[in-house]
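Chain residues, written in single-letter form:
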Amino acid sequence: KNEVEQSPQNLTAQEGEFITINCSYSVGISALHWLQQHPGGGIVSLFMLSSGKKKHGRLIATINIQEKHSSLHITASHPRDSAVYICAVRSGGSQGNLIFGKGTKLSVKP
Amino acid sequence: NAGVMQNPRHLVRRRGQEARLRCSPMKGHSHVYWYRQLPEEGLKFMVYLQKENIIDESGMPKERFSAEFPKEGPSILRIQQVVRGDSAAYFCASSPPTGTGLLDTGELFFGEGSRLTVL
C-alpha cells in the first residue's frame, strides 16, 4: 500500500461543477503539499498546509491531521483547471524530502 | 523575478553517455531539490542541496548519479553511463533560506523540468 493515496485517479467534470480530490496518508506528517502539473509537464505549488484550511481564489485545501486526510476543492471549475493534481507529504525527512501520491488527472469539459 | 530555470528542457542521450541537467533557483533561494518522475509513475525525491552542501541524498541511486550546488552557478544533476531506465522527467525546485520570516513559507517553487530520453 502506498503511503500517500489519492482518489479518484481520474476525474471528468463539466465546466462549473464543484470538484473534490482526496488525499489519504498513512504516516505522521509535518506538512502536506498540493501541486498542479500542467498538460505540458510543468509543476506549480498550490498549497502547503499543516492544519486547518487554506483558500486561494477558487481553490480550497483542507487537512484533518487526526484522520490523516486532506481534500482539494475547486469551485466553479473551468477547462483551464484541467491538469494532474498531486498530493505530497513531508514525513520526518528533510525539507523537500516529500512522499508523493500518484496524482489525480482532472479533465473539465466546456 | 525569474522563476526556477532548468535546462535543457529536452535531452537525448545514447546508452553509456553522460547527462548533465542544470537548475538555477529563484533569486534569493538557497535550497535546491531534485525529483524524478518516471513514465507513468509519481514523483520521487532524489536530493536536497544548499550552497556547496548536500543535505539529504537519501533518494539518490547509489551509483552513476551525483548532484552539486556550487557557490557560483547552477545546481547540476549528473548521470553517468546512462541506461534506458534513466529516461524520465527530472524536476528541480527551490525554496528560500529557513528563518527568513514571511519569505519562508515552506512552499516549493518548481522548474519546468528536464526530459531525458536514453536511446
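These notes cover the structure that comes with them. Just so it is clear, the structure is predicted and the values come from calculations on it, not from any experiment.

### Thoughts on the overall build of chain B
From N to C terminus, chain B includes zero helices and 11 strands. Each helix and strand of chain B, placed in order from N terminus to C terminus, yields the pattern β-β-β-β-β-β-β-β-β-β-β. In terms of C-alpha radius of gyration, chain B reaches 14 Å, essentially the compact-globule figure of 14 Å for 119 residues. Overall size of chain B, expressed as C-alpha extent along the three principal axes, is 45 × 25 × 25 Å. Long-range contacts, defined here as pairs at least 24 residues apart, represent 55% of the contacts in chain B between residues at least 6 apart.

### Comments concerning the state of the cysteines
Linking two cysteines covalently through their sulfur atoms gives a disulfide. Residues and elements named next belong to chain A. According to the stated counting rule, one finds two disulfides over all chains in the structure shown. Between C23 and C87 runs a disulfide, and the two sulfur atoms are separated by 2.0 Å. In this structure, the disulfide formed by C23 and C87 twists by about -60° around the S-S bond and is classed as left-handed. Remark: C87 occurs in strand β9 (residues 83-90) and C23 occurs in strand β3 (residues 19-25); sequence separation between them is 64 residues.

### Here's the deal with the sheet that holds strand β8 (residues 69-74) of chain A
Residue and element names in this part refer to chain A. Taking strand neighbours across the sheet as the criterion, the five strands line up as β1-β3-β8-β7-β6 in an open arrangement whose pairing is antiparallel. Bordering the open sheet on either side are β1 (4-7) and β6 (52-56), each of which pairs with just one other strand. Strand-to-strand twist across the sheet, computed as the mean angle between neighbouring axes with direction ignored, equals 15°. Pairing geometry for strand β7 (residues 59-64) and β8, over six bridges, is antiparallel. Bridged to A61 within β8 is L72.

### Here's the deal with unusual backbone geometry
The linkage connecting S7(A) with the following residue, P8(A), adopts the cis geometry, with an omega of -10°. P8(B) follows N7(B) through a cis peptide bond whose omega is 0°. Tracing the chain through its elements places P8(B) in the loop between β1 (5-7) and β2 (10-13). In this model, A76(A) sits at a positive phi of 45°, which is unusual for a non-glycine residue. With respect to the element layout, A76(A) can be found in the loop between β8 and β9.

### What to know about the sheet that holds β1(B)
Residue and element names in this part refer to chain B. Spatial ordering of the open sheet is given by β1-β3-β8-β7, a layout of four strands whose pairing is antiparallel. Only two strands of the sheet have a single partner each, and these edge strands are β1 and β7 (65-68). Each strand of the sheet is rotated relative to its neighbour by a mean of 15°, with strand direction disregarded. Examined bridge by bridge, β1 and strand β3 (residues 19-24) share three bridges and lie antiparallel to one another. By the bridge assignment, M5 is partnered in β3 with S24.

### Concerning the pairing of strand β11 (residues 114-118) of chain B
Residues and elements named next belong to chain B. In terms of residue burial, β11 counts as a mostly covered element, since four of its five residues are buried. Both β2 and β11 contribute to a ladder of four bridges, which runs parallel. The residue bridging H10 from the neighbouring strand is R115, located in β11. The pairing of strand β9 (residues 88-95) with β11 spans three bridges and is classified as antiparallel. The partner of Y90 across the bridge, within β11, is S114.

### Let's talk about the pattern of salt bridges
Residue and element names in this part refer to chain B. Taken as a whole and judged by the stated rule, the model has five salt bridges over all chains. The closest approach of N and O atoms between E112 and R9, which form a salt bridge, is 4.0 Å. Of this pair, E112 sits in the loop between β10 (109-110) and β11 while R9 sits in the loop between β1 and β2, placing them 103 residues apart in sequence. When the shortest N-O distance is used, the salt bridge between R64 and D86 registers 2.7 Å. Of this pair, R64 sits in the loop between β6 (53-56) and β7 while D86 sits in the loop between β8 (75-79) and β9, placing them 22 residues apart in sequence. Members of the salt-bridge network, linked through shared partners, are E18, R20 and R78.

Criteria and cut-off values
- Each chain carries its own residue numbering, running from 1 in the written order of its sequence.
- All chains are assigned letters beginning at A, and all ligands numbers beginning at 1, according to the order in which they are written.
- Restriction of local features to residues with pLDDT of at least 70 applies here, the model being predicted, together with a cutoff of 80 or more for giving and counting side-chain atom pairs; totals for whole chains, interfaces and linings are based on all residues.
- With hydrogens and water excluded, all non-hydrogen atoms of the structure serve as input to the side-chain values.
- Numbering of helices and strands runs from the N terminus, with a helix taken as a DSSP run of H or I at least four residues long and a strand as a DSSP run of E at least two residues long.
- Throughout, radius of gyration means the C-alpha value; the globule benchmark is 2.2 Å times the number of residues raised to the power 0.38.
- Any two residues whose heavy atoms approach within 4.5 Å are treated as being in contact.
- Note that a disulfide, as used here, is simply two cysteine sulfur atoms within 2.5 Å.
- Between any two strands, pairing holds if DSSP finds at least two bridges.
- Angles shown run from 0 to 180 degrees and are taken between the N-to-C directions of axes, each axis being a line fitted to C-alpha atoms and, for helices, limited to the stretch in contact.
- Here the term buried applies to any residue with accessible area under 20% of the maximum for its type, exposed to any over 50%, and partly exposed to those in between, with areas from a 1.4 Å probe on protein chains only.
- Salt bridges are counted wherever a side-chain nitrogen of Lys or Arg sits within 4 Å of a carboxyl oxygen of Asp or Glu.

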